[in-house]
Amino acid sequence: MIVFDRVSKQYPNGHQALADVSVEIDRGEMVFLTGRSGAGKSTLLKLIMLMERASSGEVLVAGQNLNTFSRSGIPYLRRQIGVVFQNHQLLLDRSVFDNVALPLEIAGFERRDIERRVRAALAKVGLEATMKHSPQNLSGGEQQRVGIARAVVNRPKILLADEPTGNLDPALSADVMDIFQQFSQVGVTTLIASHDLALIARLQHRTVTLQHGRLFENTEVSRAGEAPISNTLEVQGNGLG
Amino acid sequence: MADASRRGASQASVGFREQLRSYYSHHWLTFTESWRRLWATPMSTLLTWLLVGVALSLPSGLYLLLSNAESLRQDWQGTAQISLYLDSSASIEAGETLALELSQRTAVQSAHYLSSEQALQEFEQLSGMVGIISGFDENPIPASIAVILVQSDQLPALSQQLVQELAELELVDEAQLDQQWLERLYQLMQLLERLAWALAILLSVAIVLIIGNTIRLSIENRRAEILIVKLTGGTNAYVQRPFIYYGFLFGLGGGLSCMLILAAVYIWIQPPLQALSVAYGGDFGLQGPGLLDAILLILVSSALGVAGAWVAVYRHLRGIEPE
Ligand SMILES: Nc1ncnc2c1ncn2[C@@H]1O[C@H](COP(=O)(O)OP(=O)(O)O)[C@@H](O)[C@H]1O
Ligand SMILES: [Mg+2]
């Protein structure tokens, strides 16, 4: 579903944020992307959204090569991907309903369908009752769940999250991760950037670790709590980061 | 590749027919939403309308004045007068007889004889210089006949012909068609017309910039929203649509406020204008803008608003990309 083939990203200021990263994520997989702050996690997600373009190597999303994707095609790529951010990124001057409805309005759905899908998405994150509220009147955890509802309302094939629990306490974080797991179980390819290692360890999913922009570890976790099969790559020392 | 993926994406989620219907309904929604937002800040909206209206009222007011002057000029072009200056040897009787003869002609409405004494008296009265000319041995002002021609469409050609014919008469020293002032008026009007155009162009640029700046501010205010819309798959066309509508509404309101300003000025200058008209025994009145003028004005002003919106969108909205 998502393929990185020897991808490097150098920002215009010369900073090398990703170097020679190759990763493959299958349809319906749930993968954690970890690494210290500055390791390149956000950059990797941005490449999938075409918020940035790779300096070299190839990124494929749902079979589409992003290197040859035109500027005008970008919105249509983004409609296939749901994103959740650390700070919920909700519009405070609109109701919860209108926030969640936004991707559907953009994609040109009819009012009837919008109504139905928004209800369904809010029900999945357990917030149907807050539909008419302003996001300002919700707790941090609830706001983050509204953000998730907005990300999944258009039934994307891919769900990306950048530090979705960064501002939440452990109990709320667990709730949020639970919701992601449910989506991955119905076939949504889910990639979550997080440095909350404790939480990640408990959830037992494949974990991709970046260090100074390079792939450091790509760990498969087998089901019933078996020892993880670690696949640590050799790291060439570099002074970047 | 991008095109294929775009088509693929839109077909997968929504049917074409539905999408088209939704496209129009989104236009309508955006339009009403833009309207609602403008009214959320009534003071600044009204001020923008007023500003645009004032800027528009200068060239359009001048244009109105000119088109009135043009119709007056055309009316007056019809009332040509020929002055015949008589030879000093011509007696008063001969002059009066000639005037009578001339007034019999079909092309002539009236012909008045003015002896050189009468002309002198009139001059002294008008100039207030009594007795100055009596210092001359002889009265220097010639006797004259004022010939007023009958109104007709062929008057310009006809009057030229008549002037030449009358100049040949034995008693006549010189024949003059009194249209010079009309020509001067025409030249003045051409000057004013160019001035009106220059004003119109300058103020159009000003209006585009005013509206562009107002829209730049509202783009800045909605930056967060624009970023989220772009992140969730909003096209440039989708993101800029409300701002184009802002521009249109600013222009439309500006055009309407210009109409109100012109109407107010029109009403305000009516009384002195009527007094003037009466004093000149004329029946001229000022024509207000016609329906066609009004529609044209509002179209132009709306177009300027949309142009301002495009300027703002190109300079400020295209650059807002999520990072
Ligand atoms: N727009 C940018 N321009 C220049 N450098 C950047 C930009 N964005 C990120 N970086 C740098 O790239 C590196 C990776 O950043 P990022 O992908 O945000 O890491 P992470 O999300 O893992 O903390 C960091 O050192 C960061 O300073
Ligand atoms: Mg980050």
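Refer to the structure printed above.
Residues numbered from 1 in each chain as written. Chains lettered and ligands numbered in written order. Predicted model: local features only at pLDDT ≥ 70, side-chain atom pairs only at ≥ 80, totals over all residues. Heavy atoms only, no water.

Turning to the overall build of chain A, a few remarks are in order. When helices and strands are counted, chain A shows 7 helices and 10 strands. Against the 2.2 N^0.38 benchmark of 18 Å for 241 residues, chain A shows a C-alpha radius of gyration of 18 Å, consistent with a compact globule. With 241 residues in all, chain A has 57% of them scored as buried. A total of about 10700 Å² of accessible surface is found on chain A, and carbon and sulfur atoms cover 48% of it. Computed over 26 positive and 25 negative side-chain charges, the separation of the two mean positions in chain A equals 6 Å. (Helix = DSSP H or I, 4+ residues; strand = E, 2+ residues; numbered from the N terminus. Rg over C-alpha atoms; globule rule 2.2 N^0.38 Å. Buried < 20%, exposed > 50% of the residue type's maximum accessible area, 1.4 Å probe, protein only. Areas by Shrake-Rupley, 256 points an atom, 1.4 Å probe, with all protein chains shown as cover. Lys, Arg positive; Asp, Glu negative; His and termini not counted. Charge placed at Lys NZ, Arg CZ, Asp CG, Glu CD.)

Moving on, we get to the site of ligand 1. Residue and element names in this part refer to chain A. Every residue near ligand 1 is listed here: Y11, N13, H15, A17, R36, S37, G38, A39, G40, K41, S42 and T43. At 3.0 Å from an oxygen atom of ligand 1 is found a side-chain nitrogen or oxygen belonging to H15. T43 is positioned with one of its side-chain polar atoms (N or O) 2.5 Å from an oxygen atom of ligand 1. Relative to its free-state accessible area of 560 Å², ligand 1 is covered by the protein chains to the extent of 70%. Top contributing element to the shell around ligand 1 by residue count: helix 1 (residues 41-49), with 3 residues. (Near = heavy atom within 4 Å. Polar contact = N/O pair within 3.5 Å; in protein donor to acceptor, adjacent residues only side chain to side chain.)

Below, the discussion takes up the pattern of salt bridges. For the structure shown, the criterion picks out 17 salt bridges over all chains. In this structure, the salt-bridge partner of K41 of chain A is E163 of chain A, at a minimum N-O distance of 4.0 Å. You can see K41 of chain A sitting in helix 1 and its partner E163 of chain A sitting in the loop between strand 7 (158-162) and helix 6 (170-185), a full 122 residues away along the chain. Taking relative accessible area as the criterion, E163 of chain A reaches 11% and is therefore assigned buried. A cluster of three or more residues bridged by salt bridges with shared partners is formed by R94 of chain A together with E33, R36, R37, R222 and E225 of chain B. (Salt bridge = Lys/Arg side-chain N within 4 Å of Asp/Glu carboxyl O.)

This part covers the side chain of S95 of chain A. Within the element layout of this structure, S95 of chain A appears in the loop between strand 6 (81-84) and helix 3 (96-107). When residues no more than four places from it in sequence are discounted, the contact partners of S95 of chain A are M131, K132, H133 and P135 of chain A. (Contact = heavy atoms within 4.5 Å.)

This part takes up the interface of chain B and chain A. In many analyses, interface size is given as the accessible surface area lost on bringing the parts together. Counting residues at the interface gives 28 residues for chain B and 33 residues for chain A. Where chain B abuts chain A, roughly 2600 Å² becomes buried across the two surfaces, and 58% of that area is made up of carbon and sulfur atoms. The interface formed by chain B and chain A holds 2 salt bridges in total. Between E321 of chain B and R71 of chain A there is a salt bridge, with the nearest N and O atoms lying 3.7 Å from each other. (Buried area = accessible area lost by both parts, 1.4 Å probe.)

The next point concerns empty space enclosed by the protein. All names here are of chain A. Enumeration over the complete set of coordinates arrives at 2 cavities of 30 Å³ or more. In this model, the largest cavity occupies a volume close to 100 Å³. Those elements giving two or more residues to the lining of the largest cavity turn out to be strand 6 and helix 5 (140-152). When residues in the lining of the largest cavity are grouped by element, the largest group, 3 residues, is from strand 6. Residue lining of the second largest cavity: F4, V23, I25, V31, L33, L44, L191 and V208, and that is the complete set. When grouped by side-chain class, the residues that make up the lining of the second largest cavity number 8 nonpolar, no polar and no charged. (1 Å grid on protein atoms, 1.4 Å probe; cavity = no way out; pocket = protein on both sides within 12 Å on 5 of 7 lines; lining within 4 Å. Points joined across faces, edges and corners; volume = space filled by probe spheres on them. Nonpolar A, V, L, I, M, F, W, Y, C, P; charged D, E, K, R; others polar.)

Attention now moves to the sheet that holds strand 4 (residues 56-61) of chain A. All names here are of chain A. Pairing within the open sheet is antiparallel, and its 4 strands lie in the order 2-1-4-5. Each edge of the open sheet is held by one strand with a lone partner, namely strand 2 (16-25) and strand 5 (64-65). Sheet topology places strand 1 (residues 2-10) next to strand 4; 5 bridges connect them, and they run antiparallel. Looking at the pairing, F4 lines up with V59 of strand 4. (Pairing = 2+ DSSP bridges.)

What follows deals with the packing of helix 3 of chain A against helix 4 (residues 111-124) of chain A. All names here are of chain A. Put simply, helix 3 and helix 4 touch, their axes get as near as 9 Å, and they point 120 degrees apart. With respect to helix 4, the axis of helix 3 lies oblique. Helix-helix and strand crossings are classified by hand; for helix 3 and helix 4 the assignment is right-handed. Contacts from V96, F97, D98, V100, A101, L104 and E105 of helix 3 reach helix 4 at R111, I114, E115, R117, V118, A121 and L122. (Axes fitted to C-alpha atoms, helices over the stretch in contact; angles between N-to-C directions. Parallel < 35°, antiparallel > 145°, perpendicular 65-115°, else oblique. Left-handed = near helix turned anticlockwise from the far one by under 90°.)

Peptide bonds are mostly trans, and most non-glycine residues show a negative phi. Residues and elements named next belong to chain A. For D20, which is not glycine, the phi dihedral falls at a positive 55 degrees. Among the secondary structure elements, D20 is positioned in strand 2. Under the relative-accessibility criterion, D20 is labelled partly exposed at 35%. Positioned with a positive phi, Q204 is a non-glycine residue whose angle comes to about 55 degrees. By the element assignment, Q204 lies in the loop between helix 7 (197-203) and strand 9 (206-211). According to the relative accessible area criterion, Q204 is partly exposed, its value standing at 32%.

Keep in mind that these numbers describe shape and distance, not what the molecule does.
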